[in-house]
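Okay, here's what each chain looks like letter by letter:
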Amino acid sequence: MKRKNFLYGVVGMLAFSLCYVYLLAPIVEERKVERAFSQGEPNANELIINLIDRANTDSQKLHYIEKYMLMYSFCCPIKDVYLSPSMSHWQEEQSWHGFTLEEMVPYLEMYVERRGNVDGVHYQEAVVLLTDYYAFHTSILEATEYVEAKRDDFIDRSTMIHMPRELTMKLVELYIDGEQYTKAWSLIEEYEQEQLHLEEDEEWKVIQDGELLEWKVELLIQEQKVEDAISRITDWQKRVQSPEDGGSYDIEERLASMLEQLKKIDASFSYGTVSGVIANENGEPIIGAEVYLRTEQQSSHSIHPESEKYRAITDHNGFYQFDHVVPDSYQLGVGLDFEQIDGYSWPVAIDERIKVSSGEEVDYDVTLVQLLEVNHPVNDHVFTGNEMEFSWKEDRTAASYQLAVTTYFDGGSITHIVKEGIEQPEVEISIEDLYHSAFYVSFAEPKERYSSMLHPEQQLSYAHSEGRFSWYVISVDEKGKEIRRSTGYRLNEELAQDIPFFQMKQRTLTSADQLLLRKKVDQALSSYQHDIEQREGIEQEHALIMATKLLEHKKEREGDDNGEIRRVMRGYIEQLYELTGREEYEVMLSEKG
Amino acid sequence: MKEREEVKRCIDEQLEHIQFTKQKEVLKRTHPKTAREKWVAWMNQEMTVPVVPVTSVAALLLVINMMVGDSPTQTNQLVEVGGNVYYKHVVEGRGLEGES
C-alpha cells in the first residue's frame with residue numbers, strides 16, 4: 001500500500017468520527033433517552049436534562065421540554081411506595097418518577113418565555129406548573145397575580161376564541177385558596193356563559209362540568225349551603241356515565257367521596273385543618289413526599305393520586321398541611337420514593353384514624369423508624385437441635401418483643417406470632433412448642449360442605465423438615481403498641497446481607513408425610529393412623545396432629561352427619577392431651593360439640 | 001533477426017512525431033531535491049501494513065466502545081422475600097428468589 005493511501009484512510013476515519021460526534025451522536029443520544037424514558041429507567045431524568053441542555057436550537061429545547069416534561073407531569077409524580085395504616089403497595093420495578101417541580105422550574109420558565117405561540121395545551125400546562133411552584137414557595141397572592149397576568153396575555157395573543165381552560169381553572173382554585181370567593185364565583189359564571197356557546201362532546205362536557213362543580217361545591221360550603229351542594233352533586237351523578245372499561249372517572253370518585261362527607265355534616269360546620277411533619281426518627285425531614293387525607297370509604301382502596309381529594313406535598317422541612325378539611329374521620333396516606341423508606345418503616349395501627357371536628361386544627365406527624373436488625377438465624381441456617389435460638393439487635397426503647405414465623409406453601413404463606421412478651425433481644429424456641437402450636441379444629445356439626453384447597457406444606461407447618469421458614473421480630477411498648485419491626489424495604493445491599501430464612505431438620509419426613517406432599521390425602525390419613533398405633537414419642541404425636549388436621553379437612557369436604565369423624569378427632573386430641581399435658585389441647589377439648 | 005529489425009523500423013516510423021518531454025518530471029521523482037518533491041516521493045513510497053496487529057487493535061477499540069456504550073442497565077426489579085422487599089439482583093443466586 002502506498003503511504004498516501006494509508007494517510008487518506010486515517011483522515012477519512014477521523015472525518016467520520018467527527019461526523020459521528022456532531023451529527024449522529026445527538027440522534028443516538030435521543031434514542032437512548034427515548035429508551036430510558038419509555039422503559040421508565042430511574043436515570044431518565046438525568047439523560048433528559050442533558051439532552052435539553054445540549055440541544056443546539058431553541059425550538060429543539062422547547063420540543064424536548066414538551067415531549068419529556070409537560071406531557072407526563074401534569075397531575076402527580078409517581079411514587080414507588082404508597083402507605084397508609086390499612087394498606088401498602090409498591091411498584092415491582094423501580095421506575096422513573098418524572099420530574100419534581102423544582103427540577104422543571106428553570107425549563108418551564110424558559111418554555112413560557114421563549115414560546116412564541118401560546119396555543120395548544122402545553123403552554124397552559126407550563127404556566128399551571130409554574131403557578132403551583134410559586135404558590136408553594138412564595139405566596140398564594142403572588143401565584144394568583146402571575147396566573148392572572150398570564151391568562152390575560154393568553155387571551156390577547158391566542159388565536160383561539162374560547163377561554164383558556166387550564167388557566168381559568170387554576171385561577172378559580174387560587175381565588176378559593178386565597179379566600180377571594182366573589183372573584184371565584186364571577187369567574188366560574190363567566191366561564192360557564194362562554195361554554196354555553198360551544199358545541200362539545202356530551203361525555204367530555206359532563207366531565208368538565210364535574211370539575212367545575214368541585215369548585216362550586218367548595219364555594220357553596222363556604223356559604224353554608226350544604227343542601228344545595230348535595231343536590232348539585234346528585235344531579236351531576238345522574239348525568240355522568242362511567243367509562244366503558246367498568247372503572248370510573250377520577251372526578252366521579254372525588255365527587256362521590258365529597259357527597260358522602262356532606263351527607264354526614266351539619267350545615268353550620270366550619271373547616272378544620274390537618275398538618276404535621278413527616279420525618280425519620282433521626283429528625284431528617286422527608287421532602288417531596290405525597291400526602292393524602294383519605295375518608296373511611298377510601299381507606300380500603302389503593303391510593304390513586306389523581307382520584308384523591310386531599311393531596312399535599314411535604315416541603316423542605318417535611319411539613320404538610322391540608323386546609324378546608326371537612327369534619328370527618330380520616331386516614332393519612334403517604335407516597336414515598338424507595339430511597340426515603342429504605343431501611344425504615346412506619347409503625348402504625350391498622351385502624352388508626354384522624355378525627356377532625358368542626359373548626360379543629362389537628363397535628364399529625366409521621367415518624368419513620370429504622371428497621372430492627374436480625375442476627376440469627378439467617379441465610380438458610382439449619383436447626384437440628386431441639387432448642388432454637390433467635391437473636392436480634394436490641395431496641396432500647398422496647399418493653400418487649402414479639403417473634404413471628406412464616407410458613408410457605410404453594411401459592412401463599414401464613415404467619416403466626418410464636419412468642420410474645422420476650423424481654424431480651426434473644427429467645428430460645430423449642431421445636432416441640434412449634435410442633436404443638438394450636439391449629440384449627442371444630443367439633444360443631446358442619447352446616448355446609450365446601451371443598452377448600454388443601455396445601456400439604458401448610459398442614460405440615462413447622463414439621464415440614466424440607467420446608468423453609470422466615471421470621472421477623474417486632475418491638476413493642478408497655479401498651480403493646482409497635483415501636484419498630486425487622487421487616488420492610490431493604491434495598492441497600494448492606495441491609496440485604498442477612499435474609500431471615502431458616503430450616504428445621506430435627507425430624508425426617510415419614511412416608512405418611514411424603515404421601516401428603518404428593519397430595520394423596522386419603523392414603524396419607526391411613527398412613528398417619530397406622531403411625532398412631534405403631535410409633536411413639538414425638539412421631540406418634542405428629543401422626544395424631546396430622547390425622548386430626550386431615551380429618552378436619554375431610555369433615556369440611558364430606559360432612560359428618562353421624563358425628564363419626566368428630567368422635568375420632570376428639571379422641572386424637574384427648575390422646576394428645578394425655579401424652580403432652582399441653583394447655584393448647586385442653587382449650588381445643590373445651591369446645592362444645 | 002530480420003523480423004525484429006522490421007518491427008523496430010515500424011515503431012520508429014510510428015514514434016517519429018512523438019517527443020518525450022517529461023524528463024524533468026521523471027528526474028524529480030527519481031532524484032527529488034525540493035521539500036515538496038521529497039514529500040511527494042515519501043508519500044508515494046510503498047509501505048507494509050501488518051494486517052494482524054492493526055485489525056486486532058481496531059477490533060479491540062470497537063469492542064471497548066460497544067461495551068462502554070451499551071453497558072447493561074442494572075435491573076431494578078424488586079421482590080418480596082420473607083416479608084422484606086429486596087432488589088431482585090441482590091437476592092438472586094442465594095436460592096431465595098422463589099419465596100414470597
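Per chain, residue numbering runs from 1 following the sequence as it is written. Here the convention is simple: chains get letters from A, ligands get numbers from 1, in the order in which they are written. Local features in this predicted model are restricted to residues whose pLDDT is 70 or higher, and side-chain atom pairs enter the listing and the counts only when it is 80 or higher, whereas totals over whole chains, interfaces and linings include all residues.

A.B. asks: Can you break down the overall build of chain A residue by residue, with the values?
C.D. replies: When helices and strands are tallied, chain A shows 20 helices and 20 strands. Taking 593 residues into account, the globule formula puts the C-alpha radius of gyration at 25 Å, and chain A, at 32 Å, lies well above it. Seen through its C-alpha atoms, chain A measures out along the principal axes to roughly 95 × 95 × 50 Å. When the 593 residues of chain A are sorted by exposure, 33% land in the buried category. By definition, residues are in contact whenever their C-beta atoms, placed on the basis of the backbone, come within 7 Å of each other. When contacts within chain A are restricted to residue pairs at least 6 apart in sequence, those whose partners lie at least 24 apart make up 69%. Per the convention used, a helix needs a DSSP run of H or I reaching at least four residues, while a strand needs a run of E reaching at least two, with both numbered from the N terminus. Only C-alpha atoms enter the radius of gyration; for comparison, a globular chain is expected to reach 2.2 Å times N to the power 0.38, where N is the number of residues. Each residue is classed by its C-beta neighbour count within 10 Å, where at least 20 other C-beta atoms makes it buried, 12 or fewer makes it exposed, and intermediate counts make it partly exposed; the C-beta atoms are placed from backbone geometry.

A.B. asks: Pulling in residues and values, what's your account of the overall build of chain B?
C.D. replies: Looking only at helices and strands, chain B has five helices and two strands in total. Going residue by residue from the N terminus, the α and β elements of chain B occur as α-α-α-α-β-β-α.

A.B. asks: Describe the interface of chain A and chain B, naming the residues involved and giving the relevant values.
C.D. replies: Between chain A and chain B, the residue contacts involve 27 residues of the former and 24 residues of the latter. Sorting the residues of the side of chain A that touches chain B by element identifies helix 1 (3-38), strand 15 (400-409) and strand 18 (469-476) of chain A as the ones contributing at least two each. Take the side of chain A that touches chain B: its biggest share by element is three residues, from helix 1 of chain A. Looking at the side of chain A that touches chain B residue by residue, the classes come out as 12 nonpolar, five polar and 10 charged. Classification convention: Asp, Glu, Lys, Arg as charged; Ala, Val, Leu, Ile, Met, Phe, Trp, Tyr, Cys, Pro as nonpolar; all other residues, Gly among them, as polar.

A.B. asks: An account of the nonpolar core is requested, with residue identities and associated values reported.
C.D. replies: Nonpolar side chains in soluble globular proteins generally cluster together in the buried interior. All names here are of chain A. Working definition: the nonpolar core is a set of buried Ala, Val, Leu, Ile, Met, Phe, Trp, Tyr and Cys residues, joined through C-beta atoms within 7 Å. Grouped together as the largest cluster of nonpolar side chains are 81 residues, with contacts concentrated most on Leu293, Val334, Tyr528 and Ala547. The biggest single contributor to this core is helix 18 (residues 538-558), with seven residues. Apart from the residues lying within four places of it in its own chain, the contact partners of leucine 293 are Val274, Tyr310, Phe322, Val325, Tyr330 and Leu332. In this structure, Ile48, Trp96, Ala143 and Phe154 belong to the second largest nonpolar core, which totals 36 residues.

A.B. asks: Lay out the UniProt feature "transmembrane region" (unreviewed entry) in chain A with the relevant residues and their values.
C.D. replies: UniProt positions are given in the numbering used here, feature names are shortened, and annotations may be inferred rather than shown by experiment. Within the UniProt annotation, "transmembrane region" (unreviewed entry) is assigned to residues 6-25 of chain A. The distance from the first to the last C-alpha atom of residues 6-25 of chain A is 26 Å, and the span holds 100% helix and 0% strand.

A.B. asks: Kindly report on the packing of helix 10 (residues 226-239) of chain A against helix 11 (residues 250-264) of chain A, identifying the contributing residues and their values.
C.D. replies: All names here are of chain A. Helix axes are fitted only over the stretch in contact, all axes being lines through C-alpha atoms; the angle between N-to-C directions runs from 0 to 180 degrees. Here helix 10 crosses helix 11 at 145°, and the two axes come no closer than 10 Å. Helix 11 is crossed by helix 10, and the crossing has left-handed handedness. Here Val226, Ala229, Ile230, Ile233 and Trp236 of helix 10 come into contact with helix 11, specifically with Leu255, Met258, Leu259, Leu262 and Lys263. Of the residues belonging to the contact of helix 10 with helix 11, the class tally is nine nonpolar, no polar and one charged. The hand of a helix crossing depends on one turn: near helix anticlockwise from the far one by less than a right angle means left-handed, and clockwise means right-handed.

A.B. asks: Now, about helix 3 (residues 58-70) of chain A: what can you tell me, with residues and values included?
C.D. replies: Turning to helix 3 of chain A, its buried residues number three or more, namely A:Leu62, A:Tyr64, A:Ile65, A:Tyr68, A:Met69 and A:Leu70. Down the axis of helix 3 of chain A, the buried side of the element spans an arc of 160°, and every buried residue falls inside it. Throughout, the arc means the angular range of directions from the helix axis out to the C-beta atoms.

A.B. asks: Can you break down the sheet that holds strand 17 (residues 426-430) of chain A residue by residue, with the values?
C.D. replies: Residues and elements named next belong to chain A. Each pair of strands is called paired provided DSSP finds at least two bridges between the two strands. Strands sit in the order 12-14-17 across an open sheet of three strands; the sheet is antiparallel. The two strands at the open ends of the sheet, each matched to only one other strand, are strand 12 (374-376) and strand 17. Going from strand to strand, the sheet's axes swing by 25° on average, the running direction of each strand aside.

A.B. asks: Provide a residue-level description of the packing of helix 9 (residues 202-222) of chain A against helix 10 of chain A, including the pertinent values.
C.D. replies: The relative placement of two packed helices is expressed as an angle between their axes plus a distance between the axes. All names here are of chain A. Where helix 9 contacts helix 10, the axes come no closer than 9 Å and their chain directions differ by 170°. It follows from the interaxial angle that helix 9 and helix 10 lie roughly antiparallel. Of the residues in helix 10, those in contact with Val206, Asp209, Gly210, Leu213, Lys216, Val217, Leu220 and Ile221 of helix 9 are Val226, Asp228, Ala229, Arg232, Ile233, Trp236 and Arg239. Partitioning the contact of helix 9 with helix 10 into residue classes produces nine nonpolar, one polar and five charged. The labels follow the angle: roughly parallel below 35 degrees, roughly antiparallel above 145, roughly perpendicular from 65 to 115, and oblique for the rest.

A.B. asks: Hey, could you go over the pairing of strand 1 (residues 81-84) of chain A for me, with residue numbers and the actual values?
C.D. replies: Residues and elements named next belong to chain A. Both faces of strand 1 are covered, namely the face carrying Val81 and Leu83 and the face carrying Tyr82 and Ser84. One ladder, built from four bridges, connects strand 1 with strand 2 (residues 87-90); its direction is antiparallel. Counterpart to leucine 83 in the pairing with strand 2 is serine 88. Hairpin geometry of strand 1 and strand 2 is characterised by an intervening segment of two residues between the two adjacent antiparallel strands. Bridge count for strand 1 against strand 7 (residues 328-336) is three bridges, and the pairing is antiparallel. Bridging from a neighbouring strand, valine 81 pairs with leucine 336 of strand 7.

A.B. asks: An account of unusual backbone geometry is needed here, citing residue identities and associated values.
C.D. replies: Trans is the common state for peptide bonds, and a negative phi is the common state for residues other than glycine. All names here are of chain A. In this structure, proline 377 follows histidine 376 across a cis peptide bond, with omega equal to 0°. Unlike most non-glycine residues, lysine 519 shows phi in positive territory, near 65°. Note on placement: lysine 519 falls in the loop between helix 16 (511-517) and helix 17 (521-534). Judged by C-beta crowding, with 12 C-beta atoms within 10 Å, lysine 519 ranks as exposed.

A.B. asks: Can you explain the pairing of strand 3 (residues 272-280) of chain A? Please cite residues and give values.
C.D. replies: Residues and elements named next belong to chain A. In this sheet, strand 6 (residues 319-325) lies alongside strand 3 in antiparallel orientation, the contact comprising five bridges. Across the sheet, glycine 272 pairs through a bridge with valine 325, a residue of strand 6. Examined bridge by bridge, strand 3 and strand 10 (residues 361-363) share three bridges and lie parallel to one another. Residue serine 275 lies in a different strand from strand 10, and its bridge partner there is aspartate 363.

A.B. asks: Give a detailed account of the confidence of the model for chain B, specifying residues and quantitative values.
C.D. replies: Residue and element names in this part refer to chain B. A residue-level look at chain B finds 84% of positions with pLDDT of 70 or above and a mean pLDDT of 79. A residue's pLDDT is the predictor's confidence in that residue, given on a scale from 0 to 100. The element-level mean pLDDT for chain B is lowest in helix 4 (residues 51-69), coming to 80, with strand 2 (residues 84-87) highest at 90. This prediction of the complex comes with two scores: 0.73 for pTM and 0.74 for ipTM.

A.B. asks: Explain the environment of A:Val28 to me, and be specific about the residues and the numbers.
C.D. replies: Relative to the elements of secondary structure, A:Val28 occurs in helix 1. Judged by the 11 C-beta atoms lying within 10 Å of it, A:Val28 falls in the exposed class.

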